[in-house]
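# Close look at the chain arrangement
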Amino acid sequence: MRKDAFLKTVLAAAFVAFVLWGGLPLFRHRHHDVPIVKGPGVTAVRRLSEYSPGLKGTPGDTFIYVLQGREPGGKALLMGDTHSNEPEGMLSAIIVVENGIVEKGTLYVIPVFNNSGSRNTRPGDGYPLYFDVATDWGQRRFRFGNRDASPLDQWPDPDVYIHYPERQLLSYIDIRNTNRTWPGRANGPLMEKVTFGAMELMRREKIDLAIDVHGAETMFPVTNCIVAPESSVKIATLASLTVKAKEGFESHVERSPVGFRGLSHREIGDHGPALPFLLEAPIPFLDQPTGPKTTKLLLDGKDPFLLSLSKKKKLFVPYDESGWPLEKRVGQNLSVTLEIFRQFSKKAADRAIAVSGVPRYADLVKNGVGHFLADPAKTPAGGVVMN
Amino acid sequence: MTTQILVILAVMIAAYAAAKAAKLSVELGIFAAAVGGGLAGAFLKTPAIGELGRHLVEGSTTYLDVILVFFTATLFMTIVNESGGVDYVVRATLRAFGKMRLPALLVLMIIVLVPGALTGAGSVSLLVVGAPVALALGRLGVPKKRVAAILFIVAGLSAAAPPVNIWAMILCAGTAIPYVGFEFTLGIPVLFLGTFTILVLGWKKDTGTMSGNADLPLTTPGMTWWRVTIPFAVFFGMVVAYRIWPFSTPIFGLSLEFTVAGAAALLLSPKRIAFLTLARDTAKRLLPLLATMVAVGMLQQIMTATGVRGLLSFAVISTPLVLLFFLLPIIIPFSEGLLTYGGAAIIGIPLIWFLDSIGFHATVVIAGLSLLWPLGDGLPPTALIGRLSTMVSGYEGSYKDFLKATWLPWLAVTAVAMGMIIFSSKLAFLVRWSM
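The structure contained in this document is the topic of the report that follows. Here the structure is a predicted model, which means the values were calculated and not measured.

### Notes on helix 8 (residues 304-311) of chain A
Among the residues of helix 8 of chain A, Phe 305, Leu 306 and Leu 309 of chain A are the ones counted as buried. For helix 8 of chain A, the arc enclosing every buried residue in end-on projection is 95 degrees, short of the 170-degree limit, so these residues lie on one face. Those residues of helix 8 of chain A that are buried lie in contact with helix 14 (308-318) of chain B. Count one or two residues on from helix 8 of chain A and you reach Lys 313 of chain A, which has phi positive near 60 degrees.

The structure is reproduced here in structure tokens:
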């Protein structure tokens, strides 16, 4: 009897130790804040809950960086981290916040659109918790999150997600996916409140352009592209042709399907004034047939299995030994974003948006992402926002 | 890199084999494979040793939702059973249909199909209606082995049936294909295969097992129709209410819906039920199954972190098309047996992208594949639906014999599924009918 009790005690202690060993890093990841430096162009920092009060005090709330121009003009919204396992979106947005100066018009930037997802992990998928980007002054650390919000913040899931307002049936997991919950509801589940907040921002501030920055697998047909509905397709095509001619990289245009609901490129235009664009840069890390899911693969995008599949013509993007590194992905996103601004400004001169200080594709490929990231430690007090 | 990953895979297999040799349970075997693979991977820092604990703990939560549903659904049905509701239903069903074999079998098939079709989980079908249907089939003279086989195949089909098919939803979500056009594309093959299964396995009477009404279980005094139906009406009412009024009905989730239905069954029971003892016994009974889910999640996480999962996916995608068609009936069910829904993401998503790009009709291919995946729920190491089928039918013979009993419907499901995949473009009219 005594021996039995002793064995049970030892097993219970081992179990607690095991849970602490594995659980504490997950706890720390959830509470790890990422500093974002308010760059020279930032004129205000707001919260999404100002547009969707139901978000106040919840993990769904997030920061909006406002870069108001010297001259009036059009308005644009830039969103990163809609899917927090596609970090090229967040990094593109951070580079704009930390470097951009708006000459004309106003820019609203949300670097961590799905804050809950960025503090979540993806059980079963073996992701790293963080990744470090080498900069001119050292390493800068970022959280690596999940495609969906954390069940700790929005739970339970229904057995099937019924999209508002179209009633299309979607996978139950998509109720926590902020690229399926557009246009959202003020009193819906947390992630619908997030997308509702962004819709309200666009409606109240009269946003002209909304750009949602993502990454997509190399085996996914909708990758390396700009997804646009009918209303934005002309500007998207001009931007695509211009970056190919002037900067030498491909980013083709994909039409937003009318029958697939809940996505930003479909619902933003159908429910608000803005012209939506969704940018996809190829991210090999997310492909299924890859080697170990390491931060190295996340950063350099080099994988021998994908290389072999590329030779068998099973990928939807060109792929060679150089992989698809982070600087290329972020560079593409930034160049396409700037080109969309330029093309829109040409069409609507009274609503022009002019931004300076943001690097383009060639700058990123030459100098790396880290070169354009500020050092939070050397920023004066009040110049850093913890996200 | 391939050699490094193959070594890790070999260590995983060796750890599993060693655990089996030491007569450890399936779930401990899977846990050993996960730890072994993680330690082997740590030599190359994929993952680093300091990260191993985090990966194991994180992986253990992969199927937390499914575990909660299994527990709450089983508890609900155990309460219904304990209150005498199951015996009451079996007696009444046989009284109504006992002498009309064909309608009796078809009604029982539909009863199994409905809960799984509504929730996307064959386990829910088995946990909610599996026991009474098994008893009814027994009374119709179907031996327990064939009862378990019927439940396994039909519960699998219920999970694939529209409107909710989790495999198809995972594939649609991962491939950016709208989850529309599946009603006839899945509904017709599911009804055809369900009818085929119940007739092939249930038509022949085994007079030795068949018993007359005299042998039927006695009903608990005070048990009435409304006492049995209200808890089920509470459950299905909550499921259906969300479908009809999705924007004004609170989201309860299946676990809470089963819990509320269980509370209703407890309150309406004509006899007093010792709830805590019942809950403890249910947890004990389900422990091996739940532990398997925890361990499979850990294994899946380690397989991804070490690259083993990617290598398997790579092997499938690299296979020439004709050979792939021959291998799919094996690969798809085994991926489900090993990774449950993970198989759909790892193999299914790249496969759909590939087949779509060479002219196959993606929606029909997804429907075809989602008929194959449920077969894997009878295969080790997880064998979730297979084990549940034997559990609720009371079959205590060899698991291998139970699987053998499913061979003909298994072949029929495979033939229909492969036909749908290979001739997907010719079957595109099913999608058009559904729109």
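### What to know about the pairing of strand 11 (residues 225-228) of chain A
All names here are of chain A. Residues Cys 225 and Val 227 point to one face of strand 11 and Ile 226 and Ala 228 to the other, with burial holding for every one of them. Looking at chain direction, strand 11 and strand 12 (residues 252-255) are connected through four bridges and run parallel. Along strand 12, the bridge assignment pairs Ile 226 with Val 253. With helix 5 (residues 233-247) bridging strand 11 and its parallel neighbour strand 12, the resulting β-α-β unit is right-handed. Note that strand 11 and strand 13 (residues 275-282) share three bridges and pair antiparallel. Paired with Cys 225 across the strands is Glu 280, a residue of strand 13.

### Points about the interface of chain A and chain B
The partner chain B presents 56 residues to the 47 residues of chain A that form the contact. For the side of chain A that touches chain B, the secondary structure elements donating two or more residues are helix 1 (2-30), strand 9 (169-170) and helix 8 of chain A. Tallying contributions element by element places helix 1 of chain A first for the side of chain A that touches chain B, with seven residues. Along the lines of polarity and charge, the residues of the side of chain A that touches chain B split into 26 nonpolar, 13 polar and eight charged.

### Observations concerning unusual backbone geometry
What you tend to see is this: most non-glycine residues have negative phi, and most peptide bonds are trans. With omega at 0 degrees, the peptide bond leading from Trp 155 of chain A into Pro 156 of chain A counts as cis. Within the secondary structure layout, Pro 156 of chain A lies in the loop between strand 7 (139-143) and strand 8 (161-162). Looking along the chain, the bond that leaves Thr 46 of chain B and enters Pro 47 of chain B is cis, with omega of 0 degrees. Along the chain, Pro 47 of chain B falls in the loop between helix 2 (26-42) and helix 3 (49-60). At Lys 23 of chain B, a residue that is not glycine, the phi angle is positive and equals roughly 60 degrees. As for its placement among the helices and strands, Lys 23 of chain B is situated in the loop between helix 1 (2-21) and helix 2. Judged by local crowding, Lys 23 of chain B falls into the exposed class, with 7 C-beta atoms found within 10 Å. Its identity as a non-glycine residue notwithstanding, Lys 45 of chain B has a phi of 60 degrees, on the positive side.

Calculation criteria
- Residues numbered from 1 in each chain as written.
- Chains lettered and ligands numbered in written order.
- Predicted model: local features only at pLDDT ≥ 70, side-chain atom pairs only at ≥ 80, totals over all residues.
- Buried ≥ 20, exposed ≤ 12 C-beta atoms within 10 Å, placed from the backbone.
- Helix = DSSP H or I, 4+ residues; strand = E, 2+ residues; numbered from the N terminus.
- Arc of directions from axis to C-beta.
- Contact = placed C-beta atoms within 7 Å.
- Pairing = 2+ DSSP bridges.
- Right-handed = clockwise from strand over helix to strand, strands pointing away.
- Nonpolar A, V, L, I, M, F, W, Y, C, P; charged D, E, K, R; others polar.

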